[in-house]
Structures are given as structure tokens and as C-alpha cells.
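Structural overview
If you want the building blocks of each chain, they are given just below.
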Amino acid sequence: MVDIERYNSFLERLVRITHEEPYNRNSYLELITEMCKEYRLAKGVTRFYQTPMMETRGLGDSFCDFDNGKAEKILLNIRIETQTKAIIVGTVYGEAEEEERTEEELVQLDTLYRIILGFVSRRRLLNKLEEFGFYDLDGYRNFRSFARFLDIANSENRLGGMITFHFDLRNFTMVNREIGRANGDTVLRRYYDMLQEAMGSNGIISRLGGDKFVGAFDREVKRRVYEIFSGAPVAYDDAGEKKINVAAAVGVYMLPNPFMMKSYGDIMDKIMIAGESAKRQASSVPVIYDDKMKMAKAHVKQVQNEFRAALENEEFAVYYQPKVDIETGKLVGAEALCRWIKEREIVPPMDFIPILEMNTDICDLDFYMLDHVCADIRRWLDQGREAVRVSVNFSRKHLVDIDLLDKIIRVVDKHKVPHEYIEIELTETTTDVLFRDLKRVVCGLQEQGIWTAVDDFGIGYSSLNLIRDIPWNVLKVDKSFVPKNNEDQDNISNKMFKHVIMLAHDIGLECVIEGVESIDQLEVLRQNNCNIAQGYFFDRPLPLEDFEERIDRKIYPGY
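Just so we're clear, the structure is a prediction, and the values are computed from it rather than from any experiment. (Residues numbered from 1 in each chain as written. Predicted model: local features only at pLDDT ≥ 70, side-chain atom pairs only at ≥ 80, totals over all residues. Heavy atoms only, no water.)

1. Notes on the overall build of the protein chain
Filter applied, for reference: A run of DSSP states H or I qualifies as a helix once it reaches four residues; a run of E qualifies as a strand once it reaches two. Both are numbered from the N-terminal end. Computation of the radius of gyration draws on C-alpha atoms, with the globule rule given as 2.2 Å multiplied by the number of residues to the power 0.38. Relative accessibility thresholds used throughout: buried, under 20% of the residue-type maximum; exposed, over 50%; partly exposed, between the two (1.4 Å probe, protein chains only). In this analysis, two residues are considered to be in contact whenever any of their non-hydrogen atoms come within 4.5 Å of each other. In these tables, accessible area is a Shrake-Rupley quantity obtained with a 1.4 Å probe, and a residue counts as shielded only by the protein chains included in the view. In this tally, Lys and Arg are treated as positive and Asp and Glu as negative; His is ignored, and so are the chain termini. The location of each charge is read from NZ of Lys, CZ of Arg, CG of Asp or CD of Glu.
From N to C terminus, the protein chain includes 18 helices and 20 strands. The globule rule puts the C-alpha radius of gyration for 559 residues at 24 Å, and the 35 Å found for the protein chain is more than 25% above it. In the protein chain, which comprises 559 residues, the share counted as buried stands at 46%. Long-range contacts, defined here as pairs at least 24 residues apart, represent 67% of the contacts in the protein chain between residues at least 6 apart. Of the roughly 28900 Å² of accessible surface on the protein chain, a fraction of 49% belongs to carbon and sulfur atoms. Of the charged side chains in the protein chain, 74 are positive and 94 negative, and the gap between their average positions amounts to 1 Å.

Set out below in C-alpha cells:
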């Protein structure tokens, strides 16, 4: 039996310890141990649940500050629901052979334990507020955590000289597809932990969402962090035997020293711009921000803002680059290429096409080109000209459009153009999902009598599957794949080129060689039975009027 003075002493000390700041855990544990021995307790367990649903599912935190290993029977079980609907459950155990507690002892225990539960609940809620504010639902630090880090470092004048970064993991969708989402989550967490360990206590990594992260670290650890950015093996099983290489597309901004941050935009704007640039390059070497990138971003925004009006005003013109039969010199086709005529000046395609590829603007431009090409072909036919087949480039971004085939047919048929005069050029794809879409589109066009061409074969990641599984009509071989005439016939480039052309002919594909600029290259094509060429040797891309002259002339001079 615990006398009233002893109980009051426990009560006063417990209230004082649980309310004093800073919290002294050692003093708290000493008091808990003393109380448990005085009341002959074997064990005390506290369980905290954020919501009633989490209590039902058993998803909570459990604490045990005293356990003598002899707990066998429950003396008290207290459940408290807070105003925020958090649940705290406390259970006190006794030893099996201990004498029964008096009613007064149980009342004293109930009071003391409710104070303890209230204290634990308050501290857990404070911890949860920290988690809610500075961590996401998966337990990663969030942007608020990064912002707090910057604020503190800025107030302590420590930001100068640090390296800040933004990154996306490369091909992480494919990683999830290969090893499963659960294993992908494990890889993501371990890569995150690996980076945080390399950065040390003076660095931070926070998640913006998905596989996008931002952070900062000291230059002293730059080498190790960059190594992880460029590619690191990450295990996704407990034994550490199953591993996958993870690399990041990283943009960094090296803070000058000294540096004082006026707003988060001083850093975020720069690392985001550098990060976008990093995603567009194949290398995993971090892209370092400079002022040219800011100018490039402004250019991107300008193009995107002006595109719609330019489309409506028909500022985009179709230029035609002839395709020529090198044996007869006859014009046999053309590729339609886009030129933006802005204030009587031609905007180079590289200044706007890659920007339109960043979103679906490129899809609207492709259909604009197809519409104008069909209008031209219809006019040639009506005028009695000998029209030729024209190829129109279509971006890979179209492939996810389930109605793409119908849309193409609708444009062609609107102009009453015979389908055999239209050729759709598509580039290869590296993902299984888009490969299936590519096959669906090509097969559908074939059924409608529209020609299809695989563009830039021989560069990128083209594979034999591309021409084995998809029924193309035309194989367009990039000029970088064409060997020079004076190379040894046993040279690997000559052999590869020769066998690709032979394979294409054997399976019935028409070969078009792009970028032919010299008589030597033309001779290489003749030696390898390549009949159709396209390039500056014959013509640059021509405006409509000049190309119509080529149609009327039919045969190139010199043949």
C-alpha cells in the first residue's frame, strides 16, 4: 500500500517533469522506474494512433519505458481520444502472484497513468506536427524541410559556397516496370538514404514528389555525391544480391561565397532551369547553372507563348526536300520540313521544334503540316502535275493518342488525296508500351494504303525488332551511318551499312539515304544498291514555288 504522501510526491514530480522545458528524458525514466517499483508493476505499454481507423488497423507507435520481464496480467487499460481524434491506449501489467491492489491504489495508478498518457500524447502530437509539416506521406523530407534548412543556413551565414541541386531519376518508370513498384519504392528510399549519408549532417535532400528531389550540400563532399548522381548500384532485396543501377539527371547551382538569400527563388529558379537542361542530355554529368540557361528559359517561354498565334496566322511554311533516284536522276518524292517565317525571317527549326516537343504543341504542328501538304498535293493533281509521294514527320508524342489513325485519315480524305501519296515518318521508341502503340499505328496506316517510314535508322537505339515486328514501307538511313567511299571495304562501318541495306531489300523495304552531300557518298550508295537519296547534293529544303519547278522539270541536270 502506497501512502498518500508518497502518492502526492509522485504526482507533483510527474506534473513538474512532464511540463518543464527542455524535456529531461533521464529524469522522466528515473521517476517512471521508481513509481513502477513502488506500485509493484511489471510493465507499462503506451500505444499511439493518429486516427481511429489506424487504431482499427493496428497502425501506430508503441512505447514501453519499464518492463521487468514478469508481466502476466493486466491491471489497468486506459483509452483516451484527443480533440484531434488521435487515440492513446495505456496498459499496465502486474506479476501473476502479486496480491490484488486495493481500490485506492488502482485510483492512484489511474490518475498517475492518465497524466503520463496525456504527456505522451502531447509529445507525439508535436512530433506528428513536425512530420506533417516537414515530411511527406512516405516519410521523405518535403520542400518545407528544404526551405527551413535554407533559412537556418542563411541566418547563420553558411549558405555561401554550398552546392544546391534538383534532380529526376533517369528511366525510373522503366525501373518500376522491371522490378515492380514495391521494389522500386525500396530502391528510391535506399538511393535517397545513400545520398543523405554522403552529404552528412550539413546537407539535405528533400522530395518534391515522385522521383523529383532538391537539396544542398557542402563542396567538401562533392566528389562522393557526384559519384552517386552519375550512377550507383542499389540493392532491392534484404540479402543485397539483387541490384539495379540508379542515376540522376541533375541540375546544380553552386552558390557564390559570400551569398545571402533574399528569397527561395534565388536558388529554386536556377536549379530548376539546370535540372530541365539535365533531363534533355544523355549524360549523367550534373549540369551547372549559368546565365545562358536563364536566357534559354526565356526563349522557351517566348516560343510557347507565340506558338498558337503563329499557327492561326499560318506563319509556318512547308518546305520540301526532294528525294531522287540516283540511277535516273528522277524526282521520286519529298520530305515536308517546317520553317517558321517570322517577320520575314526564317526561324531555324532547332530554335523551336525541340521546344514544341516539350509538350503536345508539336502534335498540333504535325497536323498543320499534314493538312498543308495534302492541300498542295490536291492542287498539283488538279493542275495536272505529276505529283510525288510526300513524307510528313510525326512526333512520338502522338503514339498515346488512341484516335491518331482516324485523325490522319480524316485530314487526308478531307482533301481527297489518294492515300499512296502520303508517307508518315515516325522515329523508333525504346519502351515496350510505346513500341506497341507504334506497331498499332503503323499497321493501321498500312491497312489504309498510307506509306510509313522509320526515321533516322542507324542512330539512337534502333534495333532489329523495329523492322522485324513492324511492317514499314521505307527505311530512312541517317547520314552518320553511311561510310565514306575511301574506307577499306573490310571496315566495320562498310560491312554494317552493306548488310543493313541487304536486309532491308530482302524484306521488301525501300531505302532512303539522308544527308547525301558529295559525289563520293553517291558512289557508296551505288556500290550498295541504294537507289534513293536525299540531301544537299541535289537540293536543300525548298519553298513551295521552287519545289514545284523541280516537279515540272522531273529529271535533275547531269542525268
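Still more to cover.
2. Some thoughts on the packing of aromatic side chains
What counts, and what does not: Stacked, edge-to-face and tilted labels apply to pairs of Phe, Tyr and Trp rings (six-membered ring for Trp) whose centres lie within 6.5 Å, assigned for plane angles under 30 degrees, over 60, and everything in between, in that order.
Taken as a whole and assessed by the stated rule, the structure comprises 26 aromatic pairs. Considering the side-chain rings of F165 and F217, the 5.9 Å spacing of their centres and the 45° angle between planes classify their relative orientation as tilted. With F165 in strand β5 (residues 163-169) and F217 in strand β7 (residues 212-217), this residue pair connects regions lying 52 residues apart in the sequence. Like F217, F165 is buried. When the ring of F316 is compared with that of W340, the centres are 5.0 Å apart and the planes differ by 40°; the resulting orientation is tilted. In this pair, F316 sits in strand β12 (residues 316-325) while W340 sits in strand β13 (residues 331-342), placing the two residues 24 residues apart along the sequence. The same class applies to F316 as to W340, namely buried. Put simply, the rings of Y140, F165, F167, Y191, Y192, F213, F217, Y226 and F229 touch in pairs and so form one group of aromatic residues.

3. Examining the sheet that holds strand β2 (residues 61-67)
Basically, it comes down to this: In this scheme, strands are said to pair when DSSP sees at least two bridges between them. Between N-to-C directions, angles cover 0 to 180 degrees, with each direction set by a line fitted to C-alpha atoms, over the stretch in contact for helices.
Pairing is antiparallel in the open sheet, where 4 strands are placed in the order β2-β1-β4-β3. Edge positions in the sheet fall to β2 and β3 (73-81), since each has one partner strand and no second. For this sheet, the mean angle separating the axes of adjacent strands, direction not counted, is 15°. In this structure, strand β1 (residues 43-49) lies alongside strand β4 (residues 87-94), joined through 7 bridges in antiparallel fashion. Each bridged residue has a counterpart across the sheet, and for T46 the counterpart in β4 is G90.

4. Brief notes about unusual backbone geometry
Of the consecutive residues N257 and P258, the connecting peptide bond is found in the cis state with omega at 10°. Within the secondary structure layout, P258 lies in the loop between β10 (248-254) and α9 (265-279). We note that N157 has phi near 60°; this positive angle belongs to a residue other than glycine. Here N157 is to be found in the loop between α5 (143-155) and β5. The backbone of N529 sits at a positive phi, close to 60°, despite the residue not being glycine. You can see N529 is positioned in the loop between α17 (519-527) and β20 (532-534).

5. Things to note about the pattern of salt bridges
Let me state the cut-off plainly: By definition, a salt bridge exists where a carboxyl oxygen of Asp or Glu is found within 4 Å of a side-chain nitrogen of Lys or Arg.
Across all of its chains, the model carries 41 salt bridges by this definition. When the shortest N-O distance is used, the salt bridge between R385 and D552 registers 2.9 Å. With a gap of 167 residues between them, R385 in the loop between α12 (361-382) and β15 (389-393) and D552 in helix α18 (residues 544-553) connect regions that are remote in the sequence. Owing to a relative accessible area of 21%, R385 belongs among the partly exposed residues under this scheme. Of the charged contacts in the structure, one is a salt bridge between R389 and E510, with a shortest N-O distance of 2.9 Å. Of this pair, R389 sits in strand β15 while E510 sits in strand β19 (residues 510-514), placing them 121 residues apart in sequence.

6. Here's the deal with the side chain of S391
Selection rule: Polar contact criterion, stated in full: a pair of N or O atoms within 3.5 Å, where within protein one must be able to donate a hydrogen and the other to accept it, and residues adjacent in sequence count only if both atoms are side-chain atoms.
Inspection of the secondary structure assignment puts S391 in strand β15. A distance of 2.8 Å separates the side chain of S391 from the side chain of E425, its partner in a polar contact. Residue contacts for S391: discarding those within four places in its chain leaves K323, A334, E335, A336, E423 and E425.

7. Re the sheet that holds strand β6 (residues 204-209)
Strands sit in the order β6-β7-β5-β10-β11 across an open sheet of 5 strands; the sheet is mixed. Only two strands of the sheet have a single partner each, and these edge strands are β6 and β11 (287-288). In this structure, β10 lies alongside β11, joined through 2 bridges in parallel fashion. Each bridged residue has a counterpart across the sheet, and for G251 the counterpart in β11 is V287. Along the sheet, α9 contacts β5, β6, β7, β10 and β11; its crossing angle with β10, the most-contacted strand, is approximately 145°.

8. Description of the environment of V89
Structurally, the position occupied by V89 is in strand β4. The class for V89 is buried, based on a relative accessible area of 11%. A C-alpha to C-alpha distance of 71 Å links V89 and V412, two positions 323 residues apart in sequence.

9. A short note on the packing of helix α6 (residues 172-179) against helix α7 (residues 181-199)
Let me state the cut-off plainly: Small angles under 35 degrees read as roughly parallel and large ones over 145 as roughly antiparallel, with 65 to 115 read as roughly perpendicular and the rest as oblique. Basically, the charged four are Asp, Glu, Lys and Arg, the nonpolar ten are Ala, Val, Leu, Ile, Met, Phe, Trp, Tyr, Cys and Pro, and anything else, Gly included, counts as polar.
Two numbers describe how α6 lies on α7: the axes approach to 7 Å, and their chain directions differ by 130°. For the element pair α6 / α7, the angle class is oblique. Counting all contacts with α6, which are made through F172, N176 and I179, the residues of α7 involved are R181, N183, G184, D185, V187 and L188. Tallied by class, residues from the contact of α6 with α7 come to 4 nonpolar, 3 polar and 2 charged.

10. Side note on the pairing of β5
When you tally the buried positions in β5, you get 7 out of 7 residues, the bulk of the element. In β5, alternate side chains face the same way, and those of I163, F165, F167 and L169 on one face and T164, H166 and D168 on the other are all buried. As judged from the 6 bridges shared by β5 and β7, these two strands associate in the antiparallel manner. Note on β7: the bridge partner recorded for T164 is A216. When β5 meets β10, the two strands line up antiparallel, connected through 7 bridges. When the bridges of β10 are listed, I163 appears paired with M254.

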